[in-house]
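Examination of the molecular architecture
What follows is the residue order along each chain.
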Amino acid sequence: MIVPPSNQPGSPGRRDELDLIVDYAVQLLVEEAHLVARTRAGFLTGILDAANDRLSEIEEESELEDGGN
């Protein structure tokens, strides 16, 4: 499902490629969640919350690596 990028970093198509991969992955997860009686809105909200948590962790790690500046 997730394949290595075929575009070079900084190339215009790289972001589009990533967007397609993420959209497909989210679509599969939403379909699976629907099969077990989860609502799309509730499940997508859960994805957003989890993604925000992961981004916060990355920010905290970066701050620690930079010496807290």
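First things first, this report covers the structure right here in the doc.

Some thoughts on the packing of helix H1 (residues 12-35) against helix H2 (residues 40-65)
Running from N to C, H1 and H2 cross one another at 130 degrees; their axes reach a closest spacing of 10 Å. Between H1 and H2, the interaxial angle falls into the category oblique. Where H1 crosses over H2, the two elements pack in a sense that is right-handed. On H2, the residues touching Val 26, Leu 29, Val 30 and Ala 33 of H1 are Arg 40, Phe 43, Leu 44 and Ile 47. Of the residues in the contact of H1 with H2, the class split is seven nonpolar, no polar and one charged.

Points about a nonpolar patch on the surface
A contiguous nonpolar patch, built from Met 1, Ile 2, Tyr 24 and Leu 28 and spanning about 430 Å² of accessible area, is present on the exposed surface. Here Ile 2 shows up in the segment before H1.

A closer look at the environment of Ala 41
Tracing the backbone shows Ala 41 in helix H2. On the accessibility criterion, Ala 41 (54% relative accessible area) is exposed. As for Ala 41 and Val 30, which are separated by 11 residues in sequence, their C-alpha atoms are 9.3 Å apart.

Re H1
Here H1 is 24 residues long and its end C-alpha atoms lie 36 Å apart, about the 34 Å a rise of 1.5 Å per residue gives. All buried positions along H1 are accounted for by Glu 17, Ile 21, Ala 25, Val 30 and Ala 33. Where H1 is buried, its residues contact H2. At the C-terminal side of H1, Ala 37 shows a positive phi close to 70 degrees.

Looking at the environment of Pro 5
Position of Pro 5 relative to the elements: it lies in the segment before H1. Overall, the relative accessible area of 47% leaves Pro 5 in the partly exposed class. In this structure, the C-alpha to C-alpha distance between Pro 5 and Gly 46, residues 41 residues apart in sequence, is 27 Å.

Structural notes on H2
It helps to recall that an α-helix has 3.6 residues per turn; residues three or four apart then point in one direction. Its 26 residues give H2 an end-to-end C-alpha distance of 37 Å, which sits within 8% of 38 Å, the value for a rise of 1.5 Å per residue. Just downstream of H2 lies Gly 67, where phi reads positive at about 85 degrees.

Thresholds applied
- Residues numbered from 1 in each chain as written.
- Predicted model: local features only at pLDDT ≥ 70, side-chain atom pairs only at ≥ 80, totals over all residues.
- Heavy atoms only, no water.
- Axes fitted to C-alpha atoms, helices over the stretch in contact; angles between N-to-C directions.
- Helix = DSSP H or I, 4+ residues; strand = E, 2+ residues; numbered from the N terminus.
- Parallel < 35°, antiparallel > 145°, perpendicular 65-115°, else oblique.
- Left-handed = near helix turned anticlockwise from the far one by under 90°.
- Contact = heavy atoms within 4.5 Å.
- Nonpolar A, V, L, I, M, F, W, Y, C, P; charged D, E, K, R; others polar.
- Patch = residues over 30% accessible without salt bridge, like charges linked within 9 Å, V, L, I, M, F, W, Y side chains within 5 Å.
- Areas by Shrake-Rupley, 256 points an atom, 1.4 Å probe, with all protein chains shown as cover.
- Salt bridge = Lys/Arg side-chain N within 4 Å of Asp/Glu carboxyl O.
- Buried < 20%, exposed > 50% of the residue type's maximum accessible area, 1.4 Å probe, protein only.
- Expected span 1.5 Å × (residues − 1).

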